[in-house]
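Topology and contacts: notes
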Amino acid sequence: MSFYFQFMKPIIIPFIITIMLLTITAGFWGGVPLFVMPVILYETGLPRFIQWLLICLSAGICFSIVCIPFVLSFAKAYAVRKGIGMLNSFLISQSILIVFAAMLFAVFYSVVPFMVA
């Protein structure tokens with residue numbers, strides 16, 4: 001984890017620009033999983049929990065698409081430092097980002113309706 005923070009320190013301005021881009025494009029990475037995916041999954045007859053899980057994972061995937069350049073550069077530096085394959089490092093880093101974003105979306109998706117009511 002400390003390597004990640006050391007890696008991100010010199011590229012803080014592009015990271016801030018990416019965060020701004022994520023807030024501007026919230027309709028894409030939040031709207032598509034929230035409004036399009038339930039319609040598609042409703043027709044499949046899957047249980048509600050599986051539908052909710054797939055919606056959260058699709059939100060994580062849409063969110064992580066914007067961060068691919070950062071994950072690629074981090075994976076390259078991490079692979080050189082640890083002596084492992086870059087593809088393996090990239091897939092692990094991208095998977096962690098997808099799961100983390102999906103968990104954040106799941107918390108938001110579960111808590112906000114209770115706050116509104």
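Now for a quick tour of the structure. Being a predicted model, the structure only gives us computed values, none of them experimental.

Another point: the nonpolar core. Ranked by size, the top nonpolar core spans 8 residues in total: Leu22, Phe63, Cys67, Val71, Ala75, Phe90, Leu97 and Ala101. Of all elements in the fold, only helix 5 (68-82) and helix 6 (86-116) reach the threshold of two or more residues within this core. Of the residues forming this core, the biggest block, 3 residues, is contributed by helix 6. What Leu97 contacts, discounting residues up to four positions off in sequence, is Phe63, Ser64, Cys67 and Val71. Of all hydrophobic cores here, the second largest spans 7 residues; its members include Ile55, Ala102, Phe105 and Ala106.

Turning our attention to the side chain of Ser58. In this fold, Ser58 is placed in helix 4 (residues 48-66). Ser58 gets classed as buried once you look at its relative accessible area, which sits at 12%. If we ignore the near neighbours within four places in the chain, the residues touching Ser58 are Pro33 and Met37.

For the rest of this paragraph, the subject is the side chain of Gln94. Within the fold, Gln94 resides in helix 6. Excluding its chain neighbours within four sequence positions, the residues that come into contact with Gln94 are Ser64, Ile68 and Val71.

This next bit is on the packing of aromatic side chains. Scanning all chains against the criterion turns up 2 aromatic pairs. Each ring, one from Phe49 and one from Trp52, has its centre 5.8 Å from the other, and the planes form 35°; the classification is tilted. Placement of the pair is Phe49 and Trp52 together in helix 4, with a separation of 3 residues, close to one helical turn. Since its relative accessible area comes to 54%, Phe49 is described here as exposed. Between Phe74 and Tyr78 the ring centres are 5.7 Å apart and the planes differ by 25°, which places this aromatic pair in the stacked class. Separated by 4 residues within a single helix, Phe74 and Tyr78 lie in helix 5, roughly one turn from each other.

What counts and what doesn't
Residue indices follow the written sequence of each chain, beginning from 1 at its first position. Given that this is a predicted model, residues contribute local features only at a pLDDT of at least 70 and side-chain atom pairs are listed and counted only at 80 or more, while totals for whole chains, interfaces and linings are drawn from all residues. In computing side-chain values, all of the structure's heavy atoms are included and hydrogens and water are not. Working definition of a nonpolar core: buried Ala, Val, Leu, Ile, Met, Phe, Trp, Tyr and Cys residues. They are joined through side-chain atoms within 4.5 Å. Burial classification: accessible surface area is computed with a 1.4 Å probe over protein chains only, and a residue below 20% of its type maximum counts as buried, one above 50% as exposed, and the rest as partly exposed. Each helix is a run of H or I in the DSSP string that is no shorter than four residues. Each strand is a run of E no shorter than two, and both are numbered from the N terminus. Should any heavy atoms of two residues lie within 4.5 Å, those residues are considered in contact. Pairing of aromatic rings covers Phe, Tyr and Trp, the last counted by its six-membered ring, and requires centre-to-centre distances within 6.5 Å; plane angles under 30 degrees mean stacked, over 60 mean edge-to-face, and any other angle means tilted.

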